[in-house]
Amino acid sequence: CAGAHPSFTSSWFDFRQGGRGFYVLVAAGRDAPPARLREAARLLDSLHIAPRRPSRIDPDDALPYDDAARGLRVVHPGAWRVYSGALAQPSSSSNQLAIGTFARHRPWPSSDCLPASTLRERRPSDGLIVLLEDVGLNQRQLARFPLRPARLRLPASSFGDYECFGPSRETQFQDGGRAFQAFVSGPAARRRQALAILDSLQVRPAPFDEHIHAARFPASARWHTRVSGPAHEGSCLRQRVSWGSTVAFSGGADELPPHAMIEKLPPDGIIIAATQFLDSCRRPSGIKALVPPLRLAGATRSGFDGPRGDELALYRIAGRFAGRYQLDVWVFYGRRAPTRAQRDEAQRELAGVRWPAWL
């Protein structure tokens with residue numbers, strides 16, 4: 001691609017690690033000193049490669065797909081593609097991954113759970129995988145899903161005309177404390193490909209920890225963390241408040257807003273407080289379901305009472321971890337308009353929280 005007489009020298013090689021294959025091209029200008037080449041070698045040596053599950057897909061035709069937000073990675077042949085969005089209007093794309101061999105020419109207009117336009121566009125020779133995650137399960141419900149085997153199967157007895165997926169075969173499994181259902185459609189050759197795709201799936205473990213009783217923020221040289229003691233109101237309400245802050249703590253661990261800390265908050269400072277609570281006497285309804293990792297991009301912005309309340313804003317995420325407890329996250333920045341780097345730092349801290357499975 002550089003022509004017959006390039007102005008650089010180059011080296012081309014390949015290597016394999018963690019069940020994955022890579023090609024490397026190193027190009028150096030003719031005046032590049034040896035120290036620069038040693039830097040390039042150190043960069044390559046520093047590369048960290050996440051292993052891939054063994055795959056029965058031709059490595060020369062294997063395309064990776066990484067959904068970092070949901071902690072899912074998969075490999076699929078070039079003839080297959082990952083579809084964006086939900087297959088039908090009532091469905092949520094947040095717990096659904098759809099992969100098929102046909103092009104999507106029209107939106108999914110279905111008003112019920114059956115993706116009618118999908119089934120019309122799918123030819124008899126096409127394959128389709130719909131992977132659903134069942135979120136918000138308690139331990140007893142999760143135990144109903146079998147542990148994921150080394151290779152998944154689609155028993156003939158699983159074939160049926162499923163209400164929301166049409167004629168297909170189903171398999172269920174749990175991996176990393178998360179529960180999944182996979183519906184597969186297509187002829188035998190496509191089903192074999194679909195199983196190879198599903199077997200390549202890598203699942204990031206659920207962020208819920210059975211051994212802690214309150215959220216734990218990751219600590220670092222810049223971040224301070226603390227957790228309030230358990231708070232009870234009568235026999236119904238249980239509550240804990242967990243903190244991550246770039247300024248030293250002052251005031252009570254249940255004090256919201258943290259007035260003394262906000263007064264000392266420098267322009268690049270960040271304060272995050274996550275209140276977790278459970279009211280066993282009332283069943284909440286109409287409360288937004290949340291799935292970790294929480295995303296600050298969806299936080300609501302408002303004012304707050306107290307010092308600097310007319311200068312700074314409160315960013316808030318409120319909802320529930322279905323089947324577990326409710327959550328109210330407050331974020332304060334030291335600027336009226338936080339910088340991109342500041343927002344990214346807050347997001348990394350929030351994404352690293354270990355959440356309790358139960359209060």
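Preceding this paragraph is the structure being described.
Residues numbered from 1 in each chain as written. Predicted model: local features only at pLDDT ≥ 70, side-chain atom pairs only at ≥ 80, totals over all residues. Heavy atoms only, no water.

## Points about the side chain of Thr-275
Here is step 1: Relative to the helices and strands, Thr-275 is located in strand β16 (residues 270-279).
Here is step 2: Classification of Thr-275 as buried rests on a relative accessible area of 8%.
Here is step 3: Sequence-distant contacts of Thr-275, that is, excluding residues within four places in its chain, are made with Gln-239, Arg-240, Val-241, Leu-256, Gln-326, Leu-327 and Asp-328. (Helix = DSSP H or I, 4+ residues; strand = E, 2+ residues; numbered from the N terminus. Buried < 20%, exposed > 50% of the residue type's maximum accessible area, 1.4 Å probe, protein only. Contact = heavy atoms within 4.5 Å.)

## Re the layout of surface pockets
Here is step 1: In this structure, the second largest pocket encloses a volume near 470 Å³.
Here is step 2: Surrounding the second largest pocket, 15 residues form its lining, Gly-19, Arg-20, Gly-21, Pro-59 and Asp-60 being those nearest its centre.
Here is step 3: Counting residues per element, the ones that place at least two in the lining of the second largest pocket are β1 (8-17) and β2 (20-29).
Here is step 4: When residues in the lining of the second largest pocket are grouped by element, the largest group, four residues, is from β2.
Here is step 5: For the lining of the second largest pocket, a count of residues per class yields seven nonpolar, three polar and five charged. (1 Å grid on protein atoms, 1.4 Å probe; cavity = no way out; pocket = protein on both sides within 12 Å on 5 of 7 lines; lining within 4 Å. Points joined across faces, edges and corners; volume = space filled by probe spheres on them. Nonpolar A, V, L, I, M, F, W, Y, C, P; charged D, E, K, R; others polar.)

## Examining the pattern of salt bridges
Here is step 1: Applying the stated criterion across every chain yields a total of 12 salt bridges.
Here is step 2: Arg-123 is paired through a salt bridge with Asp-126; the nearest N and O atoms lie 2.9 Å apart.
Here is step 3: Judged by relative accessible area, which is 49%, Arg-123 ranks as partly exposed.
Here is step 4: Two residues, Glu-311 and Arg-308, come together in a salt bridge whose shortest N-O distance is 3.2 Å.
Here is step 5: The class for Glu-311 is partly exposed, based on a relative accessible area of 34%.
Here is step 6: One network of salt bridges, in which partners are shared, links Arg-222, Asp-268 and Glu-345. (Salt bridge = Lys/Arg side-chain N within 4 Å of Asp/Glu carboxyl O.)

## Some words on helix α4 (residues 188-199)
Here is step 1: Taking 1.5 Å per residue, 12 residues should reach 16 Å; α4 reaches 16 Å between its end C-alpha atoms and fits that length.
Here is step 2: Here α4 has its buried residues at Ala-194, Leu-195, Ala-196, Ile-197, Leu-198 and Asp-199. (Expected span 1.5 Å × (residues − 1).)

## What to know about the packing of aromatic side chains
Think of a pair of aromatic rings as described by two things: how far the centres are apart, and how the planes are tilted against each other in angle.
Here is step 1: According to the stated counting rule, one finds 11 aromatic pairs in the structure shown.
Here is step 2: Relative to Phe-321, the ring of Phe-208 has its centre 5.1 Å away and its plane inclined at 80 degrees; by these criteria the two rings are edge-to-face. A residue pair is termed long-range when its members are at least 10 positions apart, and Phe-208 in strand β12 (residues 208-209) and Phe-321 in strand β18 (residues 314-321) qualify at 113 residues.
Here is step 3: Judged by relative accessible area, Phe-321 falls into the buried class, the value being 2%.
Here is step 4: The lysine or arginine in question, Arg-226, covers the ring of Trp-243, its NZ or CZ lying 4.9 Å from the ring centre.
Here is step 5: Between Arg-324 and the ring centre of Phe-208, over which it is positioned, the NZ or CZ distance is 3.9 Å. (Phe/Tyr/Trp six-rings, centres within 6.5 Å; stacked < 30°, edge-to-face > 60°. Lys NZ or Arg CZ within 6 Å of the ring centre and 35° of its normal.)

## With respect to the sheet that holds strand β6 (residues 96-100)
Here is step 1: One open sheet accounts for six strands, arranged β5-β6-β7-β10-β9-β8; its pairing is antiparallel. Two strands lie at the open edges of the sheet, namely β5 (81-83) and β8 (160-162), each paired on one side alone. On average, each strand axis in the sheet is inclined to that of its neighbour by 35 degrees, with strand direction left out of account.
Here is step 2: By the bridge criterion, seven bridges tie strand β9 (residues 166-175) to strand β10 (residues 178-185) in an arrangement that is antiparallel. Following the sheet pairing, Asp-175 is matched in β10 by Arg-178. (Pairing = 2+ DSSP bridges. Axes fitted to C-alpha atoms, helices over the stretch in contact; angles between N-to-C directions.)

## Considerations on the nonpolar core
Here is step 1: Ranked by internal contacts, the top residues of the largest apolar core, which has 25 residues, are Leu-294, Val-329, Leu-350 and Trp-355.
Here is step 2: Every element with two or more residues in this core is listed here: β16, β18, β19 (325-333) and α6 (340-351).
Here is step 3: Top contributing element to this core by residue count: β19, with five residues.
Here is step 4: Ranked by size, the runner-up nonpolar core spans 22 residues in total, among them Val-75, Ile-129, Leu-195 and Val-203. (Core = buried A, V, L, I, M, F, W, Y, C linked by side-chain atoms within 4.5 Å.)

## So, the environment of Gly-286
Here is step 1: With respect to the element layout, Gly-286 can be found in the loop between β16 and β17 (300-302).
Here is step 2: Judged by relative accessible area, which is 86%, Gly-286 ranks as exposed.
Here is step 3: Between the C-alpha atoms of Gly-286 and Pro-307, which are 21 residues apart in sequence, the distance is 33 Å.

## Some words on a nonpolar patch on the surface
Here is step 1: On the surface, Trp-12, Tyr-23 and Leu-25 cluster together into a nonpolar patch covering about 420 Å² of accessible area.
Here is step 2: Within the element layout of this structure, Trp-12 appears in strand β1.
Here is step 3: Overall, the relative accessible area of 58% leaves Trp-12 in the exposed class. (Patch = residues over 30% accessible without salt bridge, like charges linked within 9 Å, V, L, I, M, F, W, Y side chains within 5 Å. Areas by Shrake-Rupley, 256 points an atom, 1.4 Å probe, with all protein chains shown as cover.)

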